[in-house]
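Survey of secondary and tertiary structure
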Amino acid sequence: MRTSAEYARVFELARRTSDPMLSLHWQATESPARLGLAVSRKVSTRAVARNRLRRLARELFRLQRASLAGWDLVVMAKPAAVAAEVAALRADLARLYARIA
């Protein structure tokens, strides 16, 4: 997702679920699966840490995109995600995706 209107539509109409490190907002659509990311400076003041979280979320979405067809997804990071191991973040995202798939 690219525009603020698309994000606003998902936040307004979406269902949501969360874990200690991440929160997922999703809405059904007719289009292929699309991903939006929200990693604010409140999560970490370091851009390196925020970008790392974005890269990991994009990679897992790419691997599971076929099973998520028909959804607009927005992944929001929480401060606990910055200190987490890569395996824990992957498991957390996989759990969130499994809840909606």
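Preceding this section is the structure that the text describes.
This is a predicted model, so every value here is computed, not measured.

Let's shift gears to empty space enclosed by the protein. This structure, assessed with the given rule, holds one cavity of 30 Å³ or more. Contributing to the lining of the largest cavity are Leu22, Leu37, Val39, Leu53, Arg54, Leu56, Ala57, Val75, Ala77, Leu89 and Leu93. Of the residues that constitute the lining of the largest cavity, the class distribution is 10 nonpolar, no polar and one charged.

Following the criterion strictly, the structure yields seven salt bridges and no others. Salt bridges linked by common partners bring Glu6, Arg9, Arg34 and Asp72 together as one network.

So, on to the sheet that holds strand 3 (residues 34-38). Sheet architecture is open: four strands sit in the order 1-2-4-3, paired in mixed fashion. Of all strands in the sheet, those with a lone pairing partner are strand 1 (15-18) and strand 3, marking the two edges. The average angle at which neighbouring strand axes cross in this sheet is 20 degrees, direction not considered. By the bridge criterion, four bridges tie strand 1 to strand 2 (residues 22-28) in an arrangement that is antiparallel. The residue bridging Thr17 from the neighbouring strand is Leu24, located in strand 2. The strands that helix 2 (residues 47-64) touches are strand 3 and strand 4 (71-77); relative to strand 3, the one it contacts most, it runs at about 165 degrees. Each of strand 1, strand 2, strand 3 and strand 4 touches helix 3 (residues 86-100); the most contacted strand, strand 2, lies at about 30 degrees to it.

Right, let's get into helix 1 (residues 4-13). Every buried residue of helix 1 is listed here: Glu6, Tyr7 and Val10. Taken down its axis, helix 1 places every buried residue within 100 degrees of arc, on the same side. Projecting away from the buried face of helix 1 at angles above 90 degrees are the exposed residues Ser4, Ala5, Glu12 and Leu13. Buried residues in helix 1 make contact with strand 2, strand 3 and strand 4.

Calculation criteria
- Every chain is numbered independently, its residues counted from 1 as its sequence is written.
- Totals for whole chains, interfaces and linings use all residues, but because this is a predicted model, local features are given only for residues with pLDDT of at least 70 and pairs of side-chain atoms are given and counted only at 80 or more.
- For side-chain calculations, the full set of non-hydrogen atoms in the structure is used, while hydrogens and water are omitted.
- The rule is simple: put a 1 Å grid over the protein atoms alone, call a set of points where a 1.4 Å probe fits but cannot get out a cavity, call an open set with protein on both sides within 12 Å along at least five of seven lines a pocket, and count a residue as lining if it has an atom within 4 Å of a point.
- Grid points are joined across faces, edges and corners, and a volume is the space filled by probe spheres set on the points.
- Nonpolar residues are Ala, Val, Leu, Ile, Met, Phe, Trp, Tyr, Cys and Pro. Charged residues are Asp, Glu, Lys and Arg, and all others, Gly as well, are polar.
- When a carboxyl oxygen of Asp or Glu lies within 4 Å of a side-chain nitrogen of Lys or Arg, that pair is called a salt bridge.
- Paired strands, as defined in this entry, are two strands with at least two bridges between them according to DSSP.
- The helix count covers DSSP runs of H or I at least four residues long, the strand count covers runs of E at least two residues long, and both are numbered beginning at the N terminus.
- As a rule, the C-alpha atoms of each element are fitted with a line to give its axis, helices using only the stretch in contact, and angles between N-to-C directions run from 0 to 180 degrees.
- The contact definition used throughout considers only heavy atoms, calling two residues in contact when any of these lie within 4.5 Å.
- Partly exposed residues are those whose accessible area sits between 20% and 50% of the maximum for their type, while under 20% is buried and over 50% is exposed, using a 1.4 Å probe and protein chains only.
- By construction, the arc corresponds to the directions joining the helix axis to the C-beta atoms.

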